[in-house]
Amino acid sequence: MNKNKKAKQSEEVKDIVERMPTGFGKWVAITVVALTFLLLLFGWLIQYPDTVAGQIRISSSQVPVKLIANTSGKIQDFRLKAREEAKEGDYIAIIQNPASTRDMHRIAALTGIFDPNKESFLKDRFIFPEKAFLGELNLKYYTFLTALKNLCSYEEDNTYEQQEKSLNEDIRWKSAILSQTKENIETTEEKMQISQKWFEKDHALKQKEIVHEYELDRVKSEYLTARQNVQNLRIEASSIEMQLSDSRNSLNRLKIEQKEKEKQMKLDLLSSYHDLADNIKLWEQKYVFKAPFGGKVEFLKFWSENQFVQAGEEVFSIVPEETSITGQVLLPSGGAGKVKPGDPVIIKLDNYPYLEFGSVDGRVNTISLITGQQQTQQASVETYLITVDLPHGLTTNYGETLDFRHEITGTADIVVRDRRFIQRLFDNLRYRTKAK
């Protein structure tokens, strides 16, 4: 019976397999094939970008600088108002201190143009005032002024040059006298030799009793006198040589002393000048809000004359003139390896909602070689610093040009590559296949 049942079932299956499909079955099969084909076709044709997101900050090539109070005190002497143009080195305001701001500013300007290494300091001494109220820098200033005046007086008086001239003149005259004395010695020696010659002859004749003793004594006296004159002239020459030696030694000592004096005076001038210049800079750092570069002055709070500020408090800001605009992206390390220079960047600014204003286009310029730490609310994140060029400035894809404000923040989507939809569907399968 079982055999009959199996045979009957086999006949039914065979009948179904061999039977031609109906029209409905054909349409179902065609539909399934068409849908599969369309799915593969659109999966291949449809592609959208793969992006890596990070936080971006847009600013100019020269960023604004905030000026911080380095000491506590009252703000005085506002030189510039809010939004007023400041040049590099301009005083914006002063914190109350014992020095006269006018005198300090003048001395600071003069020390800036003064060069102690040049000989022009003889003229420059007249540009420094005799009286100045510099508070805690008074001693430094008058030490420098005294050193400058001493060196100028030394150069004008020429004390050492006059002494040197006098010694040279003395050496010249003594050399001439010594030369004349040596000539006299030679002449006197000749006379002595002649006297000696006659004395020796007369002495020989006296022994033969040809010459009287009186005549011999006279010749002998002349010889002894000539001999004495030679000795006296030699003593005189030796004395002149000693005097010349002393004069030359005095001249050498004078030159050494002059060099040491000049060296010491110039050293005093240089040390006092640099000490004054360094202390002026310290005074400016402590009490002065000074523009580090040209730009507009921004008040970070509502400040008024004699208002008290605390040390470390942000008071002013210098906003530079608008130059080239660039973006800086802090990109988390996850997926950062896909980013390459030249990749397009879609920038959505916080100040301008992108649905209303559109997005700004950019290009990746540089990528840092190492990561840095960025602290978030959850944890510390490793990030790369990426600079982004804005070839069209702040013109959005809607055609609107946005107003530039320093340090605009937003989100940057870096388009690393366009990927097809079908590739994304098979990513997991591809990973599992490669993993095996």
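Remember, it's a predicted structure, so these values are computed and weren't measured experimentally.

A. Summary view of the overall build of the protein. Scanning the protein from N- to C-terminus turns up 10 helices and 15 strands. In the protein, which comprises 436 residues, the proportion classed as buried is 31%. Partitioning the intrachain contacts of the protein with sequence separation of at least 6 by distance along the chain shows that 76% fall at a separation of at least 24. A total of about 29200 Å² of accessible surface is found on the protein, and carbon and sulfur atoms cover 53% of it.

B. Quick look at the pairing of strand β14 (residues 380–389). Two strands pair when backbone bridges link them, and strand β10 (residues 325–332) and β14 are joined in this way by 7 bridges, in the antiparallel orientation. Among the inter-strand pairings, Pro-332 is bridged to a residue of β14, identified as Thr-383. Bridging between strand β12 (residues 360–367) and β14 involves 4 bridges; their strand directions are antiparallel. Each bridged residue has a counterpart across the sheet, and for Ile-367 the counterpart in β14 is Ile-386.

C. Seen up close, helix α3 (residues 101–113). Relative to the 18 Å expected for 13 residues at 1.5 Å per residue, α3 spans 19 Å between its end C-alpha atoms, a close match to the ideal helical length. All of the buried residues along α3 are Thr-101, Asp-103, Met-104, Ile-107, Ala-108, Leu-110 and Thr-111.

D. Broad picture of the packing of aromatic side chains. Scanning the entire structure with this criterion turns up 12 aromatic pairs. Between the aromatic rings of Phe-114 and Phe-144, the centroid separation amounts to 5.7 Å while the plane-to-plane angle is 80 degrees, which identifies the pairing as edge-to-face. Here Phe-144 lies in helix α5 (residues 138–157) and Phe-114 lies in the loop between α3 and α4 (121–124), a separation of 30 residues in the sequence. One aromatic cluster is present, formed by Phe-78, Phe-289, Phe-299 and Phe-316 through successive ring pairs. Sitting over the face of the ring of Tyr-354, Lys-348 holds its NZ or CZ atom 4.4 Å from the ring centroid.

E. Quick peek at the environment of Lys-340. In this structure, Lys-340 sits in the loop between β10 and β11 (344–349). Apart from the residues lying within four places of it in its own chain, the contact partners of Lys-340 are Val-364 and Ile-367.

F. Expanded view of the sheet that holds strand β9 (residues 314–319). Spatial ordering of the open sheet is given by β2-β9-β7-β4, a layout of 4 strands whose pairing is antiparallel. In this open sheet, the two strands that pair with only one neighbour each are β2 (65–68) and β4 (85–86).

G. Examining the sheet that holds strand β8 (residues 308–309) more closely. Taken in spatial order, the 4 strands of this open sheet run β6-β5-β3-β8, and their pairing is antiparallel. Sheet topology places β6 (288–290) and β8 at the edges, where each strand pairs with a single neighbour. One ladder, built from 2 bridges, connects strand β3 (residues 73–76) with β8; its direction is antiparallel. Within the sheet, the bridge partner assigned to Lys-74 lies in β8 and is Phe-308.

Criteria and thresholds
- Residues numbered from 1 in each chain as written.
- Predicted model: local features only at pLDDT ≥ 70, side-chain atom pairs only at ≥ 80, totals over all residues.
- Heavy atoms only, no water.
- Helix = DSSP H or I, 4+ residues; strand = E, 2+ residues; numbered from the N terminus.
- Buried < 20%, exposed > 50% of the residue type's maximum accessible area, 1.4 Å probe, protein only.
- Contact = heavy atoms within 4.5 Å.
- Areas by Shrake-Rupley, 256 points an atom, 1.4 Å probe, with all protein chains shown as cover.
- Pairing = 2+ DSSP bridges.
- Expected span 1.5 Å × (residues − 1).
- Phe/Tyr/Trp six-rings, centres within 6.5 Å; stacked < 30°, edge-to-face > 60°.
- Lys NZ or Arg CZ within 6 Å of the ring centre and 35° of its normal.

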